[in-house]
Amino acid sequence: MKVAEVRGGDDMCRTIEVAMVEPQVTPVTKLSPLPAMEDDGGEDFHIPPLNFSLVDTGIFRSGFPNTANFSFLQSIGLRSIIYLCPEPYPETNAHFVKSNGIRLFQFGIEGCKYSTFGVKVERKQEPFVNIPEDTIREALKVVLDVKNHPLLIHCNRGKHRTGCVVGCLRKLQRWCLSSVFDEYQRFAAAKARISDQRFMELFDVSTFKHPPISLSCSKR
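Since this is a predicted model, take the numbers as computed values, not measurements.

A. Examining the sheet that holds strand β3 (residues 53-56) more closely. The strand order β3-β4-β9-β5-β6 describes an open sheet built from 5 strands, whose pairing is mixed. This sheet does not close on itself; its edge strands, each paired only once, are β3 and β6 (103-106). Strand-to-strand twist of the sheet, defined as the mean angle between neighbouring strand axes without regard to direction, takes the value 25°. The pairing of β3 with strand β4 (residues 59-62) spans 3 bridges and is classified as antiparallel. Within β4, the residue paired with S53 across the bridge is R61.

B. The arrangement of the pairing of strand β5 (residues 80-83) in detail. Of the two faces of β5, both are covered, the one formed by S80 and I82 as well as the one formed by I81 and Y83. Relative to β6, β5 runs parallel, the two being bridged by 4 bridges. Residue pairing for β6: I81 is matched across the bridge by L104. Where the polypeptide runs from β5 across helix α2 (residues 91-99) and back to β6, its parallel neighbour, the crossover connection is right-handed. Pairing of β5 with strand β9 (residues 151-154), which is carried by 4 bridges, proceeds in the parallel orientation. Its bridge partner lying in β9, Y83 is registered against H154.

C. Geometry of the confidence of the model for the chain. Confidence along the chain averages 79 in pLDDT terms, with 67% of residues attaining 70 or more. Low pLDDT, under 50, characterises residues 25-39; the stretch is placed with 6 contacts to residues that sit more than four places away or in other chains. This model gives residues 114-129 a pLDDT under 50, and the stretch forms 22 contacts once residues within four places in sequence are excluded.

D. Here's a closer look at unusual backbone geometry. Following H149, the chain continues to P150 via a peptide bond in cis, the omega torsion being -5°. Inspection of the secondary structure puts P150 in the loop between α3 (133-144) and β9. Positioned with a positive phi, N51 is a non-glycine residue whose angle comes to about 60°. One non-glycine residue with positive phi stands out, namely A189, at about 55°. Its place among the elements puts A189 in the loop between α5 (177-188) and α6 (194-202).

E. The pairing of β4, seen in detail. Here β4 shows two buried faces, one formed by I59 and R61 and the other by F60 and S62. Taking the residues between adjacent antiparallel strands as the criterion, β3 and β4 are bridged by 2 residues, where G58 takes a positive phi near 80°. Sheet analysis places β4 next to β9, joined by 4 bridges and oriented parallel. Opposite S62, over in β9, you have H154 as the bridge partner.

Cut-offs used in this document
Residues numbered from 1 in each chain as written. Predicted model: local features only at pLDDT ≥ 70, side-chain atom pairs only at ≥ 80, totals over all residues. Heavy atoms only, no water. Pairing = 2+ DSSP bridges. Helix = DSSP H or I, 4+ residues; strand = E, 2+ residues; numbered from the N terminus. Axes fitted to C-alpha atoms, helices over the stretch in contact; angles between N-to-C directions. Buried < 20%, exposed > 50% of the residue type's maximum accessible area, 1.4 Å probe, protein only. Right-handed = clockwise from strand over helix to strand, strands pointing away. pLDDT = per-residue confidence, 0-100. Contact = heavy atoms within 4.5 Å.

See the structure below:
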């Protein structure tokens, strides 16, 4: 195609040659499925337990680990596990902790559930007395002992019982209550319990010695 361009009043004009190129259509080919994701060593990626998170140096929290999480727990070099449910530790989990030299501390705290027509459901108004303060204190003593680190705190879902222990630890670390509650609610989400937060608010930390220097004591 030719395009003419005229300048001012002189009679000079310039013709520009423009080439029209038809777009090339690349035929669609069927893609092959992607291979399974593997790391550089050819092994499967480590999978952390449900609700896994770092609490502080050498302290972690999560929901109940299953066999898919064992390689991940090995990778963080656990020395101890605090288990907050009253049920016996499953045989596979018990074998894992024993074979890896991990010390298991069990502090059985009943979950806030009751039965309606044979079906277990969560309470809408949980009695405040359901949270055993003495048990929480004993669990905290294990958490504060750095000889037990790295340490994992877990219950079933990693929300309420674990949240209460971590919340009381935060009070020891002099966190303000709003930050303690924010952290608790981040894990409990829509299932946050007023009774748990009341327990943490009234928990007396004056009988504890100051946390080890390796733990963060910053106010948040």
